[in-house]
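# Architecture at a glance
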Amino acid sequence: MNKESKEFLLDLLSTPSPSGREQELQRKWAGYVGPYADKVETDNAGNVIGIINPDAQFKVLLAGHCDEIGFIINRIDDKGFLYFSKVGYMSPKLAPGMKVEVLGFKGNIIGVIGVKPEHFNEEKDNIDFEDLYIDCGAKNKEEMEQYVRFGDFVVYKREPELLLNDRISGKGLDNKTGAFIAAEVLKNAAGRNPKIGLYCASTAYEETNTQGAFSAGVGIEPDMAIICDVTFATDHPGINRNKHGEVFLEKGPVLGIGPAVNIRINEMLEHTAEKLQMKLQYELYVNSTGTDGDKIRYTGKGVPIALVSLPLRYMHSPVETASIKDIEEEILLLSEFIVSLTGQESLKPLEL
Ligand SMILES: [Zn+2]
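Rules of the game
Residues numbered from 1 in each chain as written. Predicted model: local features only at pLDDT ≥ 70, side-chain atom pairs only at ≥ 80, totals over all residues. Heavy atoms only, no water. Phe/Tyr/Trp six-rings, centres within 6.5 Å; stacked < 30°, edge-to-face > 60°. Helix = DSSP H or I, 4+ residues; strand = E, 2+ residues; numbered from the N terminus. Buried < 20%, exposed > 50% of the residue type's maximum accessible area, 1.4 Å probe, protein only. Lys NZ or Arg CZ within 6 Å of the ring centre and 35° of its normal. Pairing = 2+ DSSP bridges. Patch = residues over 30% accessible without salt bridge, like charges linked within 9 Å, V, L, I, M, F, W, Y side chains within 5 Å. Areas by Shrake-Rupley, 256 points an atom, 1.4 Å probe, with all protein chains shown as cover. Salt bridge = Lys/Arg side-chain N within 4 Å of Asp/Glu carboxyl O. Axes fitted to C-alpha atoms, helices over the stretch in contact; angles between N-to-C directions. Parallel < 35°, antiparallel > 145°, perpendicular 65-115°, else oblique. Left-handed = near helix turned anticlockwise from the far one by under 90°. Contact = heavy atoms within 4.5 Å. Nonpolar A, V, L, I, M, F, W, Y, C, P; charged D, E, K, R; others polar. Domains from an automatic or database assignment. Buried area = accessible area lost by both parts, 1.4 Å probe. Donors = N, O, S within 2.8 Å, 3.2 Å for Na, K, Ca; no water. Tetrahedral: all angles 85-135°; square planar, octahedral: opposite > 155°, others 65-115°. Disulfide = S-S within 2.5 Å.

## Details of the packing of aromatic side chains
Given two aromatic rings, their pairing is described by the distance between the two centres and the angle made by the two planes. According to the stated counting rule, one finds eight aromatic pairs in the structure shown. A centroid spacing of 6.0 Å and a plane angle of 40° characterise the contact between Phe-8 and Phe-180, whose relative ring orientation is tilted. Taken as a pair, Phe-8 in helix α1 (residues 3-14) and Phe-180 in helix α4 (residues 173-190) lie far apart in primary sequence, 172 residues in all. By relative accessible area, Phe-8 is classed as buried at 7%. Arranged with centres 6.4 Å apart and planes meeting at 50°, the rings of Tyr-83 and Tyr-133 form a pair that is tilted. Residue Tyr-83 is located in strand β5 (residues 82-87), and its partner Tyr-133 is located in the loop between β7 (107-113) and β8 (134-135); the two are separated by 50 residues in the primary sequence. The exposure class of Tyr-133 is partly exposed, given its relative accessible area of 27%. Put simply, the rings of Phe-71, Phe-84, Phe-129 and Tyr-156 touch in pairs and so form one group of aromatic residues. Across the ring face of Tyr-83, the terminal group of Arg-75 is positioned such that the distance to the ring centre comes to 4.6 Å.

Written as structure tokens, this is what we have:
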């Protein structure tokens with residue numbers, strides 16, 4: 001991965017974008033794709049969409065959500081401690097003792113999630129978020145209210161770090177990596193004269209209500225959509241692979257199969273992978289996918305979708321871990337796929 005791309009990825013991972021407060025990150029995403037896109041648009045949901053060939057009839061949407069899980073302030077007590085609710089699906093078990101960044105109305109401030117001394121032996125086994133609080137160092141409510149108010153967002157303060165073998169760890173890899181991949185595919189396709197209209201979207205709200213996906217589907221009316229999200233890598237200790245399947249780091253992009261996805265797009269993706277001599281992995285989606293795709297497919301006349309996912313360890317934790325090599329492979333696969341499209345493809349599972 002070249003220096004410019006890697007810096008952009010690290011910047012996305014360091015920029016807070018809790019679901020519903022994606023604007024700072026979206027501005028950066030728009031700035032990055034701007035020089036390569038024919039047009040960059042935003043919409044009422046807070047999506048940013050980089051477009052190549054806006055006049056082409058056949059439209060392909062590549063969607064990666066940029067929002068991350070986080071918290072939202074619901075009370076400030078007399079002593080100046082902050083109480084919070086979760087934004088998105090996450091475990092309270094991981095929170096005690098963590099450093100956080102409170103996106104206060106006057107600017108970001110640092111806090112810590114308080115934890116009882118182990119010596120007291122009083123910590124409950126089944127903690128919930130209502131048992132936890134954030135300490136920003138304020139002496140009382142009046143002081144805290146000068147920085148933070150009801151409804152301000154919070155994220156874990158966690159810089160991305162490189163592990164051995166170009167594996168990367170941090171928070172929000174779900175799914176800033178997907179938004180990054182969409183941007184890189186646009187950048188690659190821009191120089192290669194694609195024949196279709198390419199709509200690369202950094203979508204908002206996936207972790208809470210998927211309105212971004214809905215608005216992108218309705219607004220763009222794509223002929224097909226490919227969702228770039230993360231999926232569960234099951235190659236670490238303690239995972240039941242009989243139940244959760246086999247998805248490993250560095251064994252190739254993961255193609256969703258099953259009734260929830262379109263078989264024609266998958267055939268084309270497999271053909272592209274074959275041309276590139278790239279291995280693919282597979283995962284099952286029976287009824288729905290748990291991604292932006294579930295909303296996009298029910299827009300317009302029904303949008304055929306495919307899912308190309310990045311294997312991710314420790315999903316929805318502050319130590320999510322993925323492989324840069326996997327990110328690069330997915331970018332390569334999708335870039336080749338996009339430039340191979342003619343705009344004449346039929347996506348009907350059955351032709352008479
Ligand atoms: Zn997620």
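Moving on, there is more to tell.
## Considering the sheet that holds strand β10 (residues 161-162)
An order of β10-β11-β17 is seen for the three strands of this open sheet, with the pairing classed as antiparallel. Sheet topology places β10 and β17 (320-323) at the edges, where each strand pairs with a single neighbour. Direction of pairing for strand β11 (residues 167-170) relative to β17: antiparallel, over a ladder of four bridges. Counterpart to Gly-170 in the pairing with β17 is Glu-320.

## Quick word on a nonpolar patch on the surface
Taken together, Ile-257, Tyr-282, Leu-284 and Val-286 make up a surface patch of nonpolar side chains, about 370 Å² in accessible area. Mapped onto the elements, Leu-284 comes out in strand β15 (residues 281-284).

## Side note on the packing of α1 against helix α2 (residues 23-33)
In contact at an axis separation of 10 Å, α1 and α2 are set at 165° when each is read in the N-to-C sense. As judged from the angle between their axes, α1 and α2 are roughly antiparallel. As α1 packs across α2, the resulting crossing turns out to be left-handed. Across from Glu-4, Ser-5, Phe-8, Asp-11 and Leu-12 in α1, the residues of α2 making contact are Leu-25, Lys-28, Trp-29 and Tyr-32. Classifying every residue of the contact of α1 with α2 by side-chain character gives five nonpolar, one polar and three charged.

## Considerations on the domain arrangement of the chain
Domain boundaries in the chain define domain 1 (3-68 + 171-340) and domain 2 (70-156). Between the C-alpha centres of domain 1 and domain 2 the distance comes to 32 Å. Across the boundary between the two partners, domain 1 contributes twelve residues, which contact 13 residues of domain 2. Carbon and sulfur atoms make up 70% of the area that domain 1 and domain 2 hide from each other, which totals about 1,000 Å². Three residues stand out in domain 1 for area buried against domain 2, namely Arg-21, His-316 and Pro-318, and they jointly supply 41% of the buried area on that side. Where domain 1 meets domain 2, there are zero salt bridges.

## Description of the coordination of the zinc ion
Surrounding the zinc ion are the protein donor atoms Asp-174 (OD), Glu-207 (OE), Glu-207 (OE) and His-316 (NE2), which sit 1.9 to 2.7 Å from the metal. Around the zinc ion sit four donor atoms; with metal-centred angles ranging over 52 to 148°, the donor geometry is irregular. Mapped onto the sequence, the residues coordinating the zinc ion show the spacing D-x32-E-x108-H. Linking Asp-174 in helix α4 with Glu-207 in the loop between β12 (197-203) and α5 (211-220), this pair joins segments that are 33 residues apart in sequence. Accessibility expressed as a relative area gives 5% for Asp-174, which makes it buried. Judged by relative accessible area, which is 13%, Glu-207 ranks as buried.

## A closer look at the state of the cysteines
A complete count under the given rule lists zero disulfides for this structure. Of all cysteine sulfurs in the structure, the one in Cys-228 sits closest to Cys-66, which takes part in no disulfide; the separation is 13 Å. No disulfide involves Cys-200; its sulfur sits 8.0 Å from that of Cys-228, the nearest cysteine.

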